[in-house]
There are 2 protein chains.
Amino acid sequence: MTIPLHSLTVELGPRSYDILIGSGILAGLGSALQSRFRGRRIAVVSNETVAPLYLAQTRDALEGAGFRVTEIILPDGESHKNWITLQRIFDGLIENRFERGDALLALGGGVIGDMTGFAAACHQRGVPFVQVPTTLLAQVDASVGGKTGINHPLGKNLIGAFHQPCLVLMDVETLHTLPKRERLAGLAEVIKYGVIWDRELFTLLETRLEAILTGEATLMVELLTRCCAIKAEIVAQDEREHGTRALLNFGHTFGHAIESLTGYDRWLHGEAVAAGMVVAGDLAARLGLCPPEEAEQVRALIERAGLPTRLPAYPVEAYLEAMTHDKKVSAGKIRFVLPERLGRAVVRSDLPDTELQAALRANMEPSPP
Amino acid sequence: MTIPLHSLTVELGPRSYDILIGSGILAGLGSALQSRFRGRRIAVVSNETVAPLYLAQTRDALEGAGFRVTEIILPDGESHKNWITLQRIFDGLIENRFERGDALLALGGGVIGDMTGFAAACHQRGVPFVQVPTTLLAQVDASVGGKTGINHPLGKNLIGAFHQPCLVLMDVETLHTLPKRERLAGLAEVIKYGVIWDRELFTLLETRLEAILTGEATLMVELLTRCCAIKAEIVAQDEREHGTRALLNFGHTFGHAIESLTGYDRWLHGEAVAAGMVVAGDLAARLGLCPPEEAEQVRALIERAGLPTRLPAYPVEAYLEAMTHDKKVSAGKIRFVLPERLGRAVVRSDLPDTELQAALRANMEPSPP
């Protein structure tokens, strides 16, 4: 059975770009870039985990289409998403005399995509870049929409730029080598789209969870296409997150606090978002915004998927403090995305402290971390 | 005699902004910002040299208009225009919980303006900033147009962003405390505008040089207004430097090479540009592009102003190598801005190597640096 190639467009006027989704399509990367970058150089940025798996294939696809390729390999992990590591991209580009018309290509997960995009935004005040996300999390979320950046010791993604890629190509075959833990972490973002935007998607996840967990290719292409279509629609409406786009932060205010408190190296981003969605759902139910049984459906699906449903044990004050460093703070108020029902969410910043603290306490691990 | 306040607008659609030029207008800074930033916080970024002179006055002007002010003071000098120092701005903003609607304000010369602008571009993926340039160079050039960034060990301004300020306010009174050497360095950029765009301005410089060197306020306001009007026109036509804006790099290809070879700490930017303009003028004359007597007029004015007219002695190969790291390189070719006659210039990238090397040799100091 051949799995059809899906193609979506993120409509952003002169900055519009395509998302290509399929199985076994990495080999077509070179030809997908040929019209835009003929004769230019491409710097493939990857990490020590992904490079041994997909760099040779990527290089072949690019060189076969006549591109000259430079490799920049970074250490793996969220703890390297900082300026020190970013410098290695600039060093590689500058030492190899990359020019304004040459392109970067991110081959890896969300960290590689965010850092490569940020380097592309800043190198010579902006050069083009291509996203080839190889993790589920990067495919359904980070690679689309142009948010790029690095972490600051006091908070995640605090330093960055909006810089849209000129193409996103995702091959579900790369998911076969993804460790199960990372696949699940990516699934958290898929669940997110269901809760905030697409009840049918949520139902699909509930009914087909076991097949999804095996990574069945046709089903994965369908999931990616569905998530990317939602993301493309939201980004086209609100590129700079003045409104609707904030909904994509569902679970992220609590999630970022978990990552910050645990030093970015014990929880995967998707795991933190999963636990964050449970707290946000519970908070919405406590506030009477969301029917408790629907908040429970969210929690139950996250649990069935094998994702964490509880916050690591830290003082409630530590959570509140960590959340005030978040980018989503406005006029001193923390902004929360809360579900109203499955498939619809709202942004709220005027929450009573007591309910917030109660939700934090009720969904926390009992033991110290 | 009262010197009138001049006001110009840089027309960039939703990113348009005003430039206010006058004498003694720093006290009006707070009210100029009130409509846009009422109730917000402002982080004043300055350096150890400028802060003792103008920070108290700036702070008073802002607090008098009801703003809450945070100070971030950096070390002075081009050699600090790097990521390490930039981090201090991010640290100051994040530790003080600056939010997306709060603003940065650059109080100082080009280095402070470029770094503050770049920090504003990257903090939380973009926050507003205000330019209050206190050096002649920053007033006539760096503070207008949205080019921001830092240096890389291999080249100047290689890492940065286009991020327009939301207001530029320049008070010629700040020029009284500017060391003569820096005033002259700024004058180099004024001469540049005359050569590439405005023959009348060049003639004004030739005829009134002595009065200009004394810093006579009315004359300085006129010069600033004239230079900023040219810059505003060019930036409005070509914000991202796809065409006309490249003319503003007259003298800069050679100038950046001087700065890079001398480690950014012996030559002021304007001094390097001055010597660079002499080489570019001579090169244009050698190529038959520009009448030799007009190239000589450029050299003579630069010499009369007390600015350097010769490159420091380095091997010609070292200059060529340094120039290939410049952002102005395209398809391996170095791009040069060359005068055709006073008031008009062109961009050329197909120059014969022999003429280029001859111009470098003919305009170099004889002794090693």
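Sequence order sets the numbering: in each chain, residues are counted from 1 along the sequence as written. Each chain gets a letter, beginning with A, and each ligand a number, beginning with 1, in the order they are written. Totals for whole chains, interfaces and linings use every residue, but because this is a predicted model, local features are given only for residues with pLDDT of at least 70 and side-chain atom pairs only at 80 or more, for both listing and counting. Only hydrogens and water are set aside; all other atoms, that is, all heavy atoms of the structure, feed into the side-chain values.

1. Notes on the overall build of chain A
What counts here: Put simply, DSSP H or I for four residues or longer makes a helix, DSSP E for two residues or longer makes a strand, and each gets a number counted from the N terminus. Here the globule rule is a power law, 2.2 Å times the number of residues to the power 0.38, and the radius of gyration is based on C-alpha atoms. Residue burial is assigned from relative accessible area. The probe radius is 1.4 Å, only protein chains are included, and a residue is buried under 20% of its type maximum, exposed over 50%, and partly exposed in between. Contact criterion: two residues are considered in contact whenever any of their non-hydrogen atoms come within 4.5 Å of each other. Accessibility throughout is a Shrake-Rupley quantity obtained with a 1.4 Å probe, and a residue counts as covered only by protein chains that appear here. Neither His nor the chain ends is counted toward charge; the positive residues are Lys and Arg and the negative residues Asp and Glu. Charge positions come from single atoms, namely NZ of Lys, CZ of Arg, CG of Asp or CD of Glu.
Along the backbone of chain A there are 13 helices and eleven strands. Taken over C-alpha atoms, the radius of gyration comes to 20 Å for chain A, in line with the 21 Å a tight globule of 369 residues would show. With the C-alpha coordinates of chain A rotated into their principal frame, the extents come out at 60 × 45 × 40 Å. Going through the 369 residues of chain A one by one, you find that 62% of them count as buried. Counting only contacts in chain A whose residues sit at least 6 apart along the sequence, the fraction spanning at least 24 positions is 76%. Carbon and sulfur atoms form 50% of the exposed surface of chain A, whose accessible area is close to 13100 Å². Side-chain charges in chain A split into 37 positive and 44 negative, and the spacing between the mean points of these groups amounts to 4 Å.

2. A few points about the interface of chain B and chain A
What counts here: Two parts lose some accessible area (1.4 Å probe) when they are put together, and adding that loss for both gives the buried area. Any Lys or Arg side-chain nitrogen found within 4 Å of a carboxyl oxygen on Asp or Glu counts as a salt bridge. What qualifies as a polar contact is a pair of N or O atoms within 3.5 Å, subject to a donor-acceptor requirement within protein and to the restriction that residues adjacent in sequence count only when both atoms come from side chains. Three categories are distinguished: nonpolar for Ala, Val, Leu, Ile, Met, Phe, Trp, Tyr, Cys and Pro, charged for Asp, Glu, Lys and Arg, and polar for the others, with Gly belonging to the last.
With 37 residues of chain B at the interface, the matching set in chain A holds 37 residues. Contact with chain A buries surface across chain B, with B:Trp83, B:Ile94 and B:Arg125 losing the most and accounting together for 25% of the total. On the surface where chain B and chain A come into contact, there are two salt bridges. Here A:Glu321 makes a salt bridge to B:Arg97, at a shortest N to O gap of 2.9 Å. Linking chain B with chain A are twelve residue pairs in polar contact (both at pLDDT 80 or more). Breaking the side of chain B that touches chain A down by element, the ones donating at least two residues are helix H3 (83–95), helix H4 (110–122), strand E7 (147–152), strand E8 (155–162) and helix H12 (316–324) of chain B. A class-by-class count of the residues in the side of chain B that touches chain A yields 14 nonpolar, eleven polar and twelve charged.

3. Some points on the relation of the copies chain B and chain A
Using the following cut-off: For the least-squares superposition of copies, only C-alpha atoms count, and only for residues with pLDDT at least 70 in both.
With an RMSD of 0.0 Å, the operation that places chain B on chain A is a rotation of 180° combined with a shift of 0.0 Å along the axis. Considering both components of the superposition, the chain copies are consistent with a two-fold axis. In terms of proximity to the rotation axis, the leading residue of chain B is B:Trp83, whose C-alpha is 4.0 Å off the axis. Of all interface residues in chain B, 100% are interface residues in chain A too; the two copies therefore contact each other through one and the same surface.

4. Notes on the environment of A:Pro308
Residues and elements named next belong to chain A. Secondary-structure assignment places Pro308 in the loop between helix H11 (292–304) and helix H12 (316–324). Look at Pro308 and you get partly exposed, because its relative accessible area is 25%. Taking the C-alpha atoms as reference, Pro308 lies 43 Å from Gln34; in sequence the two are 274 residues apart. Look past the residues within four positions of Pro308 in its chain and what remains in contact with it is Trp267, Glu271, Ala274, Ala275 and Ile302.

5. So, H12(B)
All names here are of chain B. How we decide: Here the arc refers to the directions that run from the helix axis out to each C-beta atom.
Taken together, the buried positions of H12 are occupied by Val316, Tyr319, Leu320, Ala322 and Met323. The buried residues of H12 all sit within an arc of 165° when viewed along its axis, so they share a single face. Check the buried side of H12 and you find it contacts helix H9 (252–261), strand E10 (336–341) and helix H13 (353–362).

6. Thoughts on the nonpolar core
Note the threshold: Definition of nonpolar core: a set of buried residues of the types Ala, Val, Leu, Ile, Met, Phe, Trp, Tyr and Cys, connected through side-chain atoms within 4.5 Å. An automatic or database domain assignment is the source of the domain bounds shown.
Ranked by internal contacts, the top residues of the largest apolar core, which has 86 residues, are B:Ile19, B:Ile191, B:Leu201, B:Leu205, B:Phe254 and B:Leu360. Sort the elements by how many residues they give to this core and helix H8 (residues 217–237) of chain B lands first, with twelve residues. Of the domains in this structure, domain 1 (6–177) and domain 2 (180–362) of chain B are the two that each give at least three residues to this core. Once residues within four sequence positions are removed from consideration, B:Ile191 is found in contact with B:Phe202, B:Leu205, B:Met277, B:Leu301, B:Ile302 and B:Leu307. A:Leu12, A:Ile191, A:Val278 and A:Leu342 belong to the second largest nonpolar core, which has 84 residues in total.

7. Some words on helix H1 (residues 29–37) of chain B
Residue and element names in this part refer to chain B. Restricting attention to buried positions, one finds in H1 the residues Leu29, Gly30, Leu33 and Phe37. Buried positions in H1, seen along its axis, are confined to an arc of 75° and lie on one side of it. The secondary structure elements touched by the buried residues of H1 are strand E3 (41–47), helix H2 (51–64), strand E5 (103–108), strand E6 (129–133) and strand E9 (167–171). Remark: Gly39 follows H1 within two positions and exhibits a positive phi of approximately 80°.

8. What to know about the sheet that holds strand E2 (residues 17–22) of chain B
All names here are of chain B. The cut-off we apply is this: Should DSSP find at least two bridges between two strands, the strands are regarded as paired. Here an axis means a line fitted to C-alpha atoms, over the contact stretch when the element is a helix, while the angle between two N-to-C directions is reported on a 0 to 180 degree scale.
Taking strand neighbours across the sheet as the criterion, the seven strands line up as E1-E2-E9-E6-E5-E3-E4 in an open arrangement whose pairing is mixed. Looking at which strands have only one partner, the edges of the open sheet turn out to be strand E1 (6–10) and strand E4 (68–74). Each strand of the sheet is rotated relative to its neighbour by a mean of 20°, with strand direction disregarded. Relative to E6, E5 runs parallel, the two sharing five bridges. Looking at E6, one finds that Leu105 is bridged to Val130.

9. Quick word on the packing of helix H10 (residues 269–286) of chain A against helix H13 (residues 353–362) of chain A
In a pair of packed helices, the angle between the axes and the distance between the axes together describe the arrangement. Residue and element names in this part refer to chain A. Heads up, the rule is: Our angle categories are set so that under 35 degrees counts as roughly parallel, over 145 as roughly antiparallel, 65 to 115 as roughly perpendicular, and the remainder as oblique. By definition, any crossing whose near helix is turned counterclockwise from its far helix by less than a right angle is left-handed, and any crossing with a clockwise turn is right-handed.
At a minimum axis distance of 9 Å, the contact between H10 and H13 shows a crossing angle of 135°. Here H10 is positioned oblique relative to H13, judged by the angle of their axes. Read as a crossing pair, H10 and H13 show a hand that is right-handed. Across the interface between the two elements, Val279, Asp282, Leu283 and Arg286 of H10 pack against Glu355, Leu356, Ala358, Ala359, Leu360 and Ala362 of H13. Classifying every residue of the contact of H10 with H13 gives seven nonpolar, no polar and three charged.

10. Here's the deal with the side chain of A:Arg245
Residues and elements named next belong to chain A. Relative to the elements of secondary structure, Arg245 occurs in the loop between helix H8 (217–237) and helix H9 (252–261). Buried and without a salt bridge, Arg245 has Glu241 as its closest oppositely charged side chain, separated by 4.4 Å. Ignoring any residue separated from it by four or fewer positions in sequence, one finds Arg245 in contact with Val144, Gly145, Gly146, Lys147, Phe162, Lys231, Ile234, Val235, Asp238 and Glu239.

11. What to know about the domain arrangement of chain A
Residue and element names in this part refer to chain A. Domain annotation for chain A reports domain 1 (6–177) and domain 2 (180–362). Each of domain 1 and domain 2 has a C-alpha centre, and these two points are 25 Å apart. Roughly 3100 Å² of surface becomes buried between domain 1 and domain 2 when both sides are summed, with 66% attributable to carbon and sulfur atoms. One can count five salt bridges joining domain 1 with domain 2. The partner of Lys192 in a salt bridge is Asp141, with the nearest N and O atoms 3.6 Å apart. Taken together, the links from domain 1 to domain 2 amount to nine residue pairs in polar contact (both at pLDDT 80 or more). When contributions to the side of domain 1 that touches domain 2 are tallied by element, the ones reaching two or more residues are strand E1 (6–10), strand E2 (17–22), helix H5 (136–142), strand E7 (147–152) and strand E8 (155–162). Considering only residue class, the side of domain 1 that touches domain 2 consists of 15 nonpolar, 15 polar and six charged.

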